[in-house]
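Here is what each chain is made of, one letter per residue.
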Amino acid sequence: MHRKLFFAVMAAGIVAAAFIHAQQPAANLVPAIAGLPPAARAAAASIDPEKIRAHVRFLALDLLEGRGPGTRGAELAAEYIATQFALDGLEPAGDSGTYFQSVPLYAVHTVEDKTKFSLAPATGLPVELAYGTEIVSKDQTGQAAADFDAPIVFAGYGIHAPEYNWDDYAGVDLKGKVALIIVNQPPSSDVKFFKAKALTYYGRWTYKYEEAARRGAVGVLLIHRTDLAAYGWEVVRNSQAVEKSYLEGDPSATLRAAAWIQHDVAQRLLTMAGLGDLDQVIDQAGKPGAFHAIEFPVRLRAHIESRVRRYVSANVVGRVPGASSASQAVLYTAHYDHLGIDPTLKGDQIFNGAADNGTGCGILLELARAYAHSSVRPPHAVYFASVTAEEQNLLGSQYLGLHPPIPTRQIALDLNYDMLLPIGVPREVNVAGAERMDFWPTVQRVAKAFDLAVVPDPNPGAGHAYRSDHFSLARTGIPAFSIGQGNLFEGHDLAWGRMQGEDFVKHHYHQPSDEYHPDMDFRGNAKMARFGFVLGWLASEQPKSIDWLPGDEFEAARKAPVAQ
Ligand SMILES: [Zn+2]
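Calculation criteria
Residues numbered from 1 in each chain as written. Predicted model: local features only at pLDDT ≥ 70, side-chain atom pairs only at ≥ 80, totals over all residues. Heavy atoms only, no water. Donors = N, O, S within 2.8 Å, 3.2 Å for Na, K, Ca; no water. Helix = DSSP H or I, 4+ residues; strand = E, 2+ residues; numbered from the N terminus. Buried < 20%, exposed > 50% of the residue type's maximum accessible area, 1.4 Å probe, protein only. Axes fitted to C-alpha atoms, helices over the stretch in contact; angles between N-to-C directions. Parallel < 35°, antiparallel > 145°, perpendicular 65-115°, else oblique. Left-handed = near helix turned anticlockwise from the far one by under 90°. Contact = heavy atoms within 4.5 Å. Nonpolar A, V, L, I, M, F, W, Y, C, P; charged D, E, K, R; others polar. Pairing = 2+ DSSP bridges. Polar contact = N/O pair within 3.5 Å; in protein donor to acceptor, adjacent residues only side chain to side chain. Right-handed = clockwise from strand over helix to strand, strands pointing away. Salt bridge = Lys/Arg side-chain N within 4 Å of Asp/Glu carboxyl O. 1 Å grid on protein atoms, 1.4 Å probe; cavity = no way out; pocket = protein on both sides within 12 Å on 5 of 7 lines; lining within 4 Å. Points joined across faces, edges and corners; volume = space filled by probe spheres on them.

A. Spotlight on the coordination of the zinc ion. Around the zinc ion, the donor atoms from the protein are Asp-356 (OD), Glu-391 (OE), Glu-391 (OE) and His-510 (NE2), and they sit 1.9 to 2.5 Å away. Going along the chain, you hit the donors of the zinc ion in the pattern D-x34-E-x118-H. Of this pair, Asp-356 sits in helix α10 (residues 354–373) while Glu-391 sits in the loop between β15 (382–387) and α11 (395–402), placing them 35 residues apart in sequence. Just as Asp-356 is buried, Glu-391 falls in that class too.

B. Here's a closer look at the packing of helix α4 (residues 72–87) against α10. Put simply, α4 and α10 touch, their axes get as near as 10 Å, and they point 20 degrees apart. Classified by the angle between their axes, α4 and α10 sit roughly parallel to one another. Two packed elements cross with a definite hand, and for α4 against α10 that hand is right-handed. Where α4 approaches α10, its residues Tyr-80, Ile-81, Gln-84 and Phe-85 are matched on the opposing element by Cys-361, Leu-364, Leu-365 and Ala-368. Here the contact of α4 with α10 is built from residues that sort into seven nonpolar, one polar and no charged.

C. Looking closely at the pairing of strand β11 (residues 244–247). Alternating positions in β11 separate into two faces, Lys-244 and Tyr-246 on one and Ser-245 and Leu-247 on the other, with burial throughout. Across four bridges, the pairing between strand β2 (residues 100–110) and β11 is antiparallel. Following the sheet pairing, Ala-107 is matched in β11 by Ser-245.

D. Local environment of unusual backbone geometry. Note that the residue after Asp-356, namely Asn-357, is joined by a cis bond; omega there is 5 degrees. Here Asn-357 lies in helix α10. One non-glycine residue, Asn-393, adopts positive backbone phi at about 80 degrees. Assignment of secondary structure puts Asn-393 in the loop between β15 and α11.

E. Structural context of the side chain of Asn-416. Its place among the elements puts Asn-416 in strand β16 (residues 411–416). There is a polar contact of 2.9 Å between the side chain of Asn-416 and the side chain of Thr-333.

F. Molecular detail of the side chain of Arg-436. Along the polypeptide, Arg-436 turns up in the loop between β17 (428–430) and α12 (440–449). Within polar-contact distance, the side chain of Arg-436 engages the side chain of Glu-553 at 3.1 Å. Not counting chain neighbours up to four residues away, the residues in contact with Arg-436 comprise Lys-195, Trp-548, Leu-549, Asp-552, Glu-553 and Phe-554.

G. Broad picture of the pairing of strand β14 (residues 329–335). Counting buried residues along β14, seven of its seven residues qualify, which places the element largely inside the surrounding structure. Judged by which residues are buried, β14 turns out to be covered on both faces: Ala-329, Leu-331, Thr-333 and His-335 on one side and Val-330, Tyr-332 and Ala-334 on the other are all buried. Here β14 pairs with β16 via five bridges, running parallel. Residue pairing for β16: Thr-333 is matched across the bridge by Asn-416. The pairing of β14 with β15 spans six bridges and is parallel. Along β15, the bridge assignment pairs Tyr-332 with Phe-384. Crossover handedness for the path β14 to α10 to β15: right-handed.

H. Expanded view of the pattern of salt bridges. Overall, the coordinates contain 26 salt bridges when judged by the stated rule. Residues Arg-268 and Glu-134 are paired through a salt bridge, measuring 2.7 Å at the closest nitrogen-oxygen approach. Separated by 134 residues along the polypeptide, Arg-268 in helix α8 (residues 263–272) and Glu-134 in the loop between β4 (127–129) and β5 (135–138) bring together distant segments of the chain. Overall, the relative accessible area of 31% leaves Arg-268 in the partly exposed class. Notably, a salt bridge pairs Arg-523 with Asp-521, separated by 2.6 Å at the nearest N-O pair. On the basis of relative accessible area, Asp-521 is assigned to the buried category, the value being 6%.

I. View of the environment of Ala-150. Counting through the fold element by element, Ala-150 comes out in strand β6 (residues 145–154). Taking the relative accessible area as the measure of exposure, Ala-150 reaches 2% and is therefore buried. Along the chain, Ala-150 and Ala-179 lie 29 residues apart, while their C-alpha atoms are 9.9 Å from each other. Setting aside its immediate chain neighbours within four residues, Ala-150 contacts Gly-176, Lys-177, Val-178, Val-218, Arg-299 and Leu-300.

J. Region of interest: the layout of surface pockets. Counted as a void, the second largest pocket has a volume near 1200 Å³. Sorting the residues of the lining of the second largest pocket by element identifies α5 (205–214), β11, α11, α13 (470–474) and α16 (555–559) as the ones contributing at least two each. For the lining of the second largest pocket, the element with the most residues is α5, which contributes six residues. Residues belonging to the lining of the second largest pocket are distributed by class as follows: 23 nonpolar, 12 polar and 11 charged.

Here you go:
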């Protein structure tokens with residue numbers, strides 16, 4: 001739809017909505033639900049779309065310079081959120097009696113003209129790779145320089161998944177070596193085998209780096225093929241051209257070369273190793289029982305230079321005390337960081353991040369206000385954490401998971417909000433992951449009461465389940481999921497909603513044009529906040545804590561003895 005028309009339609013919708021809103025008693029915004037006390041229902045109903053708007057507007061101002069972690073803009077955003085917590089009477093739950101939890105980070109920028117990679121076969125001359133067009137890499141350790149000369153091991157998909165009876169590393173020792181790995185996961189149409197078309201964590205490049213690092217690898221070369229990666233080499237190249245941050249002391253970030261190589265370079269490497277066609281080898285590696293890792297008679301020689309910037313950012317954490325001091329706290333999360341400023345861009349250089357994730361922050365702040373002002377206390381404590389460095393691969397939430405405000409076992413549930421387009425009142429909710437916990441019947445019941453159809457992740461192949469902060473907490477065992485909206489909105493058909501989503505992804509997602517507009521409609525954000533309020537309250541009220549269903553990938557972490 002044309003942009004002007006889009007906003008005209010939205011503006012008409014808002015006028016109509018304001019009229020309806022004025023006529024509706026507040027409590028009608030939240031249905032009566034068994035187990036929800038009337039005072040809690042009233043508190044949820046007090047969640048105000050115009051207050052969410054005010055937060056989003058402020059956080060998306062050019063003055064906040066895109067909220068890049070480690071910059072003044074991100075600090076201003078954190079101070080704003082902490083100030084709102086204080087005004088609402090939340091107790092500080094960060095470091096030493098403050099709202100701030102310091103997150104130590106370092107950002108790595110590869111010095112491209114000083115960094116050299118070459119492939120050295122056992123016989124014949126080494127071949128130098130062109131940095132940028134053939135290979136890109138980051139030294140995860142945060143040291144200024146690295147040199148190594150190590151054998152290359154072809155490790156297929158680089159996956160060790162006992163539940164699928166799959167081990168690409170069987171019989172190989174990776175210590176001090178470089179793993180050559182295919183992106184994505186073995187193709188499947190069977191839900192019991194790598195969940196068919198849905199991307200599992202094993203298919204994410206982050207997993208492949210972590211797994212190889214755990215095995216002592218010095219480097220990883222991920223083979224880029226556009227169809228398998230779902231994006232072109234330009235995306236890989238551009239995302240590696242900028243600095244990338246890591247958590248200080250992260251034991252899973254130890255690769256001296258976390259690299260991608262271009263498809264044709266991988267083919268050249270296979271030819272050197274005396275193997276045939278790369279695409280045939282890739283096909284073969286995806287078939288059960290058909291693959292064995294092999295060490296090539298080719299070494300990777302590397303000289304890597306990095307510019308490293310060490311900095312501290314902060315998670316902002318507040319708490320509303322519960323009626324009982326026992327465990328079973330509820331946690332709400334939403335990241336406040338975004339991509340900052342890109343001075344090389346022509347025109348607008350500020351990544352305002354209004355939708356991503358001003359909206360989640362606005363929702364989090366309204367939830368905090370509603371809980372803090374409720375006339376009855378929630379049964380147990382409720383924590384609110386606005387986390388940093390999500391866009392740097394979930395680092396703030398990873399740190400929060402490693403250093404929770406209370407022991408992990410005492411957190412019943414994490415509800416996360418990330419990028420909810422303010423385009424009207426949703427009739428569908430996406431709570432992917434909730435079906436994997438024993439809280440699922442409650443989630444379904446509450447969605448129904450809110451007249452929200454529960455829809456599956458519209459694009460499971462994109463791996464959204466692993467791409468927001470709830471994942472960091474789920475990995476520590478905490479039952480966690482994100483609350484998102486589907487494509488059906490009041491007054492529109494599905495096609496309209498789908499088109500809005502596609503238009504946003506194409507023209508605004510992670511671009512300077514993700515900006516605040518006065519004609520945005522925050523009623524949907526408020527509805528999603530009220531829905532999450534009720535879920536959190538009911539989780540707090542349950543007679544027992546929430547668990548993952550037996551056999552779930554996070555069950556073991558939940559059951560593990562707590563090391564706090
Ligand atoms: Zn984002």
